[in-house]
Amino acid sequence: MLDWIKNLNKEYPDFWKSYSSKFQKKSNRFVVISTETTGLNSSKDVILSIGAITIENNAILVGQSFEVILLQYIFLHDNGISNEFIVESKLPKLGEPEAIKAFIEFIGNAILVGHRIHFDIDMINEALYKMGCSRLKNEAIDIEIMYRKLIDNTDKQFSVDELGKILNVPRNERHSSAEDAYTIALMFLKLKSRLGINI
């Protein structure tokens, strides 16, 4: 009970207040997201990069995309992981708080789309907690669950590569968060059409 009262009176950062105020109306914008992380444990691992791309009116808006590398030097150093990827990349590089803030400003109240998206959301939520914020408020759609619904199979798991072959969506050799987001966006539009989803 005391935690609930504490959260009620908590003073959130301005960017979070601005983000939270956008959910009074429903969005017709989709943002496809993909993260690259140091592992699969949301409480111990960290995000290395985030890629995102906008879909509106069944069109992928390449001009409305987001890609950033998060500077995680302390984590990488403490865990003996090479930072060559970060040093060599020409992509924008930001500290985790700045990157997460920019990402939140980019997504707004959009419906998020991804592959096993709950993991991406868990990772982002962990970063948000460290910044004194709450959980993401966006609705989320998972393309793997969409495909399972299409074939009426709730047990089998499908990787992005497997779904790409099944749906005839070629995958770029360059595996970056932004490339993955674009590939997932193509799959989402195909699945959305096949399932007859009009949102």
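Since we're looking at a predicted model, the values are computed, not measured. (Residues numbered from 1 in each chain as written. Predicted model: local features only at pLDDT ≥ 70, side-chain atom pairs only at ≥ 80, totals over all residues. Heavy atoms only, no water.)

> Tell me what's going on with the overall build of the protein, and back it up with residues and numbers.
Looking only at helices and strands, the protein has 9 helices and 6 strands in total. Counting all 199 residues of the protein, 43% fall into the buried class. Put simply, of all contacts in the protein between residues at least 6 apart along the chain, 67% involve residues at least 24 apart. Of the roughly 11200 Å² of accessible surface on the protein, 51% is carried by carbon and sulfur atoms. (Helix = DSSP H or I, 4+ residues; strand = E, 2+ residues; numbered from the N terminus. Buried < 20%, exposed > 50% of the residue type's maximum accessible area, 1.4 Å probe, protein only. Contact = heavy atoms within 4.5 Å. Areas by Shrake-Rupley, 256 points an atom, 1.4 Å probe, with all protein chains shown as cover.)

> Run through the nonpolar core, naming residues and quoting values.
One finds Phe103, Ile104, Ile107 and Leu136 to be the most contacted residues of the largest nonpolar core, which totals 27 residues. When residues of this core are traced back to their parent elements, those giving at least two are α2 (14-20), β1 (30-37), β2 (47-56), β3 (59-71), α5 (96-107) and α6 (117-130). Counting 23 residues, the second-largest nonpolar core is a separate cluster that includes Phe30, Val113, Phe188 and Leu189. (Core = buried A, V, L, I, M, F, W, Y, C linked by side-chain atoms within 4.5 Å.)

> Account for helix α8 (residues 160-167), with residues named and values stated.
Where α8 is concerned, the buried positions are Val160, Leu163, Gly164 and Leu167. Down the axis, α8 shows its buried residues gathered within 105° of arc, on one side only. Where α8 is buried, its residues contact α7 (143-151) and α9 (177-194). (Arc of directions from axis to C-beta.)

> Any chance you could break down the side chain of Thr37 for me, citing the residues and the numbers?
Looking at where Thr37 falls in the secondary structure, it is placed in strand β1. At 2.6 Å, the side chain of Thr37 forms a polar contact with the backbone oxygen of Gly39. Setting aside anything within four residues of it in sequence, one finds Thr37 in contact with Val46, Ile47, Leu48, Phe119 and Met123. (Polar contact = N/O pair within 3.5 Å; in protein donor to acceptor, adjacent residues only side chain to side chain.)

> Account for α9, with residues named and values stated.
Since the α-helix packs 3.6 residues into each turn, any two residues three or four apart lie on the same face. Taking 1.5 Å of rise per residue, the 18 residues of α9 would be expected to cover 26 Å, and the 26 Å separating its terminal C-alpha atoms lies within 8% of that figure. Turning to α9, its buried residues number three or more, namely Ser177, Asp180, Ala181, Thr183, Ile184, Ala185, Met187, Phe188, Leu189, Leu191 and Lys192. Positive phi shows up at Gly196, right after α9, with a value of about 70°. (Expected span 1.5 Å × (residues − 1).)

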